[in-house]
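# Chains, contacts and geometry: an overview
Chain residues, written in single-letter form:
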Amino acid sequence: MSPAVDLPPAPRAPDRGDLIALFVERVEDYRALVTRCAPDEVGSVVAEVLGSASSVVPPGLGLEVPGSVVDDGWTAAELDAIDAVVTRARVGIAETGTIVLDHAPDQGRRAISLVPDLHVCIVDATQVVADVPDAIALLDPARPTTWISGPSATSDIELDRVEGVHGPRTLHVVLLG
Amino acid sequence: MSGTFVGMPAFPTAAREALADTQLRRNLAHATRTIRDKRAAVVAEVEGWEELRVAGAAVKEAALRDLATHLETLEASLVRAGATVHWARDAEEACAIVAGVARDHGADEVVKVKSMATAEIGLNEALEAEGIAAWETDLAELIVQLGDDLPSHILVPAIHRNRAEVREIFRRRMGDVGRPAPDDLTDEPSMLAGAAREHLRDKFLRAKVAVSGANFAVADTGTLVVVESEGNGRMCLTLPDVLVSVVGIEKVVATWSDLDPMLRLLPRSSTGERMNPYTSTWSGVTPGDGPQEVHVVLLDNGRTRALADDVGRQALRCIRCSACLNVCPVYERVGGHAYGSVYPGPIGAILNPLLNGVSDEQTASLPYASSLCGACFEVCPVRIDIPSVLVDQRAAVVDSHRGDRVPKPEAVVMKAAAWTFSDARRLRWAERASGVAGRVLGRFSRTTLPGGRTAAGRLPGPAAGWTGARDLPAPPPESFREWWDRTDGGHRPDDDQEGRS
């Protein structure tokens, strides 16, 4: 449906020279952790990040994570007993340091990336775009989407930012390429 | 403080009490300054912020201009996506629909995402009357709920509380409604947030029904959007089997791409972040993921009344960012409770009369709860001209009293002034009387204004309402005409008048 009136276009952020550097800077600014590695190192980097933590992965992750369980419609209570989750993402936004999941099979149901306390999110450098309008254009509104900017946080007590209320308290972004 | 706004006194009375609370003023001053500084820093980062505001205002204005069509499109898209759509004319209808859904599933409790619309309609109280417990899961809303308190800010409802007060509330009340606060709870914000996490997790994991609002509703795709920080929103929107979203009809935008300016404007304006930690979007039911029964309640509750107001309509563009609260000198000094509504501050001062009319004294006092300094318009991300609407609503309040059998003191004064000013002789007599009054007041007054002029203290009678909050300069002992006569328009020496300012 086209808008009833012509709307003035929203301005776009100037394309920042190095999108990837900006993305890393902005994600880290939210006190999320970022590890960059080559695509063929992803398995060992993820294993190192997880350490001895128990983990769940979506059925379409496309990566062998030793010791992890594949999501099979686990209940929330069952997920609550698992330490970590490994997913991929749909798009990364450099300007705001945001990753967006659209819960395709490589990212899994919304619940698995929510209940465990550590979220390891694999983002390909080619998925990083400049700003919000680019992300909006790429996403399918019919799918549920979750936009994640750093770990769960609150500023409700004296406006002091505190990480970790109900969502994962640690977000670790593994950036490929 | 009891947990309801019903029966609150008019703003001037409530404000006077709030002004006497030094702890409250300290908490507020700290919080509003912090958030103002953060916002200013991230807004300055954006090239073309003004153009972005214009685009945001246009998106909302276009949606409002053809609201009926967009709402019908939204309903059709939602139904296509597997949701059930309900229409609610007022608070009572909306609460009954939500209670009905909970009852149908045998639920005696629901978990809630922070939502202004559900606070506006008093949903928690309505559900409680039906024997259904509604658990607020946003940290600030939890503090307010456990403290049997009222929200005092749109974004940070517990802004009036400091960490020591929060610790006290958690220790005293958490155990009554679920997992108690740990014995070694300190007033560190991270400890307090941790206690809230533990307390609420049980409730998230067992909840069958969740209630949310929505920040935006996309007409052509049937997508609802919730913007949040803590993940409590994601918990509610994802884990329970049944989701009921109460959505004010003004939340509609036409298309998915219209979300672009809104998602850039909202977080920077509200929390002063480039992006809030979590944004969830969903369209109806997704098989195998999230709630498998989704209800959307489209709420009017006075919005069509506001829509019919040519000047006031723009208030419906509001995206509840609360930037106007944080810059308002009046809000910063009295806090949110004095406004007697879930919508405090400058936006509340126009939204409440627009939604409810000005027939009761409390609502009618709100358009005057402003210095008209204009800071609220400067920061509004969707360019709501709040000062103009305030003035227009003041006119509405005055108009509503034109037929009164006993006129208001201001009306009597204005009528007398009109009579006086319409005749030169009368004006001269009035000026002479005022000169005498000025000399008398000048003798008695203890306040000296900058420039040396004296000011009257608190006057008795009907004037007390005016002088209770302001200095009234004493009238000049000599009027301009008298000075002109005495000095022949400045040609004769001017040396002996007393009280020259």
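Residues numbered from 1 in each chain as written. Chains lettered and ligands numbered in written order. Predicted model: local features only at pLDDT ≥ 70, side-chain atom pairs only at ≥ 80, totals over all residues. Heavy atoms only, no water.

### Quick look at the UniProt feature "domain: LUD" (unreviewed entry) in chain B
We apply this condition: UniProt positions are given in the numbering used here, feature names are shortened, and annotations may be inferred rather than shown by experiment. Starting at the N terminus, helices and strands are each numbered in turn, a helix being any DSSP run of H or I of at least four residues and a strand any DSSP run of E of at least two.
Feature annotation in UniProt assigns "domain: LUD" (unreviewed entry) to the following positions: residues 72–299 of chain B. Taken end to end, residues 72–299 of chain B has its terminal C-alpha atoms 13 Å apart, with 42% of it in helix and 21% in strand.

### Examining helix α4 (residues 67–80) of chain B
Residue and element names in this part refer to chain B. Our working definition: Expected helix span is taken as 1.5 Å per residue step, with the number of steps being one fewer than the number of residues. Residue burial is assigned from relative accessible area. The probe radius is 1.4 Å, only protein chains are included, and a residue is buried under 20% of its type maximum, exposed over 50%, and partly exposed in between. The directions considered for the arc are those from the helix axis to the C-beta atoms. We call two residues in contact when some of their heavy atoms are within 4.5 Å.
Spanning 14 residues, α4 covers 20 Å between terminal C-alpha atoms, matching the ideal 20 Å at 1.5 Å per step. Listed as buried for α4 are Leu 67, His 70, Leu 71, Leu 74, Ser 77 and Leu 78. One side of α4 carries all its buried residues, which in axial view fall inside an arc of 125°. Within α4, the exposed residues directed more than 90 degrees away from the buried face are Ala 68, Glu 72 and Arg 80. Lining the buried residues of α4 we find α3 (49–65), β1 (84–88), β5 (216–218), β8 (252–253), β10 (293–299) and α13 (303–307). Of the residues one or two after α4, Gly 82 is the one with positive phi, at around 100°.

### Things to note about the packing of helix α8 (residues 139–146) of chain B against helix α9 (residues 163–177) of chain B
All names here are of chain B. The cut-off we apply is this: Interaxial angle, 0 to 180 degrees, is taken between N-to-C directions of lines fitted to C-alpha atoms, where a helix line uses only the stretch in contact. Note on angle classes: values under 35 degrees are labelled roughly parallel, values over 145 roughly antiparallel, values of 65 to 115 roughly perpendicular, and the remainder oblique.
α9 packs onto α8 with a crossing angle of 75° between their chain directions and a minimal axis gap of 9 Å. In terms of axis orientation, α8 runs roughly perpendicular to α9. Residues Leu 139, Leu 142, Ile 143 and Leu 146 of α8 form the contact with α9, whose participating residues are Val 166, Ile 169, Phe 170, Arg 173, Met 174 and Val 177.

### Considerations on the environment of Val 56 of chain A
Residues and elements named next belong to chain A. By secondary structure assignment, the location of Val 56 is in strand β2 (residues 55–57). Judged by its relative accessible area of 0%, Val 56 is buried. Counting along the chain gives 57 residues from Val 56 to Ser 113, while the straight-line C-alpha distance between them is 9.1 Å. Sequence-distant contacts of Val 56, defined by excluding residues within four places in its chain, comprise Val 69, Val 70, Asp 71, Leu 79, Ile 82, Ala 84, Val 85, Val 86, Ile 112 and Pro 116.

### Remarks on the interface of chain A and chain B
To be explicit about the condition: Buried area is calculated as the accessible area (1.4 Å probe) missing from two parts once they are joined, with the contributions of both summed. Here, a salt bridge means any Lys or Arg side-chain nitrogen found within 4 Å of an Asp or Glu carboxyl oxygen.
Taken together, the contacts link 61 residues of chain A with 80 residues of chain B. Summing the contributions of chain A and of chain B, the shared interface buries around 5,800 Å²; its carbon and sulfur component is 59%. Counting across the interface, chain A meets chain B through nine salt bridges. Between Arg 163 of chain B and Asp 160 of chain A there is a salt bridge, with the nearest N and O atoms lying 2.8 Å from each other.

### Examining empty space enclosed by the protein
What counts here: The pocket and cavity definitions rest on a 1 Å grid over protein atoms only: a 1.4 Å probe that fits but cannot leave marks a cavity, an open set with protein on both sides within 12 Å along at least five of seven lines marks a pocket, and residues lining either have an atom within 4 Å of a point. Grid points are joined across faces, edges and corners, and a volume is the space filled by probe spheres set on the points. Charged means Asp, Glu, Lys or Arg here, nonpolar means Ala, Val, Leu, Ile, Met, Phe, Trp, Tyr, Cys or Pro, and polar covers whatever is left, Gly included.
Taken as a whole and judged by the stated rule, the model has five cavities of 30 Å³ or more. Within this model, the largest cavity holds a volume of roughly 700 Å³. The wall of the largest cavity is formed by 42 residues, among which Lys 114, Leu 155, Asn 215, Val 227 and Glu 228 of chain B lie closest to the centre. Breaking the lining of the largest cavity down by element, the ones donating at least two residues are β10 (153–154) of chain A together with α2 (22–44), α6 (116–120), β6 (223–228), β7 (242–248) and α12 (259–270) of chain B. Tallied by class, the residues present in the lining of the largest cavity amount to 19 nonpolar, 11 polar and 12 charged.

### Things to note about the packing of aromatic side chains
All names here are of chain B. What counts here: Side-chain rings of Phe, Tyr and Trp (the six-membered ring for Trp) are treated as a pair once their centres are within 6.5 Å; stacked means planes under 30 degrees apart, edge-to-face means over 60, and tilted covers the remaining angles.
Taken as a whole and judged by the stated rule, the model has five aromatic pairs over all chains. On the basis of an interplanar angle of 55° and a centroid distance of 4.9 Å, the ring pair of Phe 11 and Tyr 339 is categorised as tilted. Pair noted here: Phe 11 is in helix α1 (residues 11–19) and Tyr 339 is in the loop between α15 (329–334) and α16 (345–356), with a separation of 328 residues, a long-range link. Ring plane angle 65° and centroid distance 6.3 Å describe the contact between Trp 483 and Trp 484, whose orientation is recorded as edge-to-face. Under the relative-accessibility criterion, Trp 483 is labelled partly exposed at 23%. An aromatic cluster is defined as three or more aromatic residues linked by ring pairs; in this entry it consists of Phe 11, Tyr 331 and Tyr 339.

### Some thoughts on the sheet that holds strand β12 (residues 454–456) of chain B
Residue and element names in this part refer to chain B. The criterion, for reference: Strands are labelled as partners when DSSP assigns at least two bridges between them.
Sheet architecture is open: three strands sit in the order β11-β12-β13, paired in antiparallel fashion. Only two strands of the sheet have a single neighbouring strand rather than two, namely β11 (447–448) and β13 (472–473). Across two bridges, the pairing between β11 and β12 is antiparallel. Opposite Thr 448, over in β12, you have Thr 454 as the bridge partner.

### A closer look at a nonpolar patch on the surface
The cut-off we apply is this: Here a patch means residues that are over 30% exposed by relative accessible area and free of salt bridges, tied together within 9 Å if like-charged and within 5 Å if nonpolar (Val, Leu, Ile, Met, Phe, Trp, Tyr). The protein chains shown are the only cover counted for residues, whose accessible areas, like all others here, come from Shrake-Rupley with a 1.4 Å probe.
On the surface, Val 436, Val 440 and Phe 444 of chain B cluster together into a nonpolar patch covering about 320 Å² of accessible area. For Phe 444 of chain B, the location among the structural elements is in helix α21 (residues 424–444).

### Considerations on the nonpolar core
Nonpolar side chains tend to gather and get buried jointly when the protein is soluble and globular. Operational definition: By nonpolar core is meant a set of buried Ala, Val, Leu, Ile, Met, Phe, Trp, Tyr and Cys residues that side-chain atoms within 4.5 Å join together.
Membership of the largest hydrophobic core comes to 133 residues, with the highest contact counts inside it found for Trp 147 of chain A together with Phe 170 of chain B. The next biggest cluster of nonpolar side chains, apart from the first, holds 24 residues, and it includes Val 110, Ala 117, Leu 127 and Val 211 of chain B.

### So, the environment of Asp 80 of chain A
Within the element layout of this structure, Asp 80 of chain A appears in helix α3 (residues 76–80). Using a relative accessible area of 32% as the deciding quantity, one classes Asp 80 of chain A as partly exposed. Look past the residues within four positions of Asp 80 of chain A in its chain and what remains in contact with it is Val 115 of chain A together with Arg 201 and Leu 205 of chain B.

### Some remarks on the sheet that holds β6 of chain B
Pairing within the open sheet is mixed, and its eight strands lie in the order β8(A)-β5(A)-β6(A)-β9(A)-β9(B)-β6(B)-β5(B)-β8(B). On the outer flanks of this sheet lie β8 (128–129) of chain A together with β8 of chain B, each paired with one strand and no other. Looking at chain direction, strand β9 (residues 145–148) of chain A and strand β9 (residues 278–283) of chain B are connected through four bridges and run antiparallel. Following the sheet pairing, Trp 147 of chain A is matched in β9 of chain B by Thr 279 of chain B.

### Quick notes on the layout of surface pockets
Sizing a probe to match a water molecule and rolling it over the atoms shows the empty space that remains. Residues and elements named next belong to chain B. In this structure, the largest pocket spans a volume of roughly 2,200 Å³. Forming the boundary of the largest pocket are 49 residues, of which Tyr 368, Glu 410, Gly 465, Trp 466 and Arg 470 lie nearest the centre. At the level of elements, α1, α15, α17 (361–365), α19 (386–399), α20 (409–421) and α22 (464–467) are the ones that each hand at least two residues to the lining of the largest pocket. Top element by residues in the lining of the largest pocket is α20. It accounts for eight residues. Split into classes, the residues belonging to the lining of the largest pocket amount to 28 nonpolar, nine polar and 12 charged.

### Considerations on the pattern of salt bridges
Residues and elements named next belong to chain A. For the coordinates displayed, the defined rule picks out 46 salt bridges over all chains. Between Arg 169 and Asp 117 there is a salt bridge, and its shortest N-O distance comes to 3.1 Å. Here Arg 169 is found in the loop between β11 (162–163) and β12 (170–176), whereas its partner Asp 117 is found in the loop between β6 (98–101) and β7 (118–124), with 52 residues between them in sequence. By relative accessible area, which is 36% here, Arg 169 ends up partly exposed. For Asp 117, a relative accessible area of 25% corresponds to the partly exposed category.

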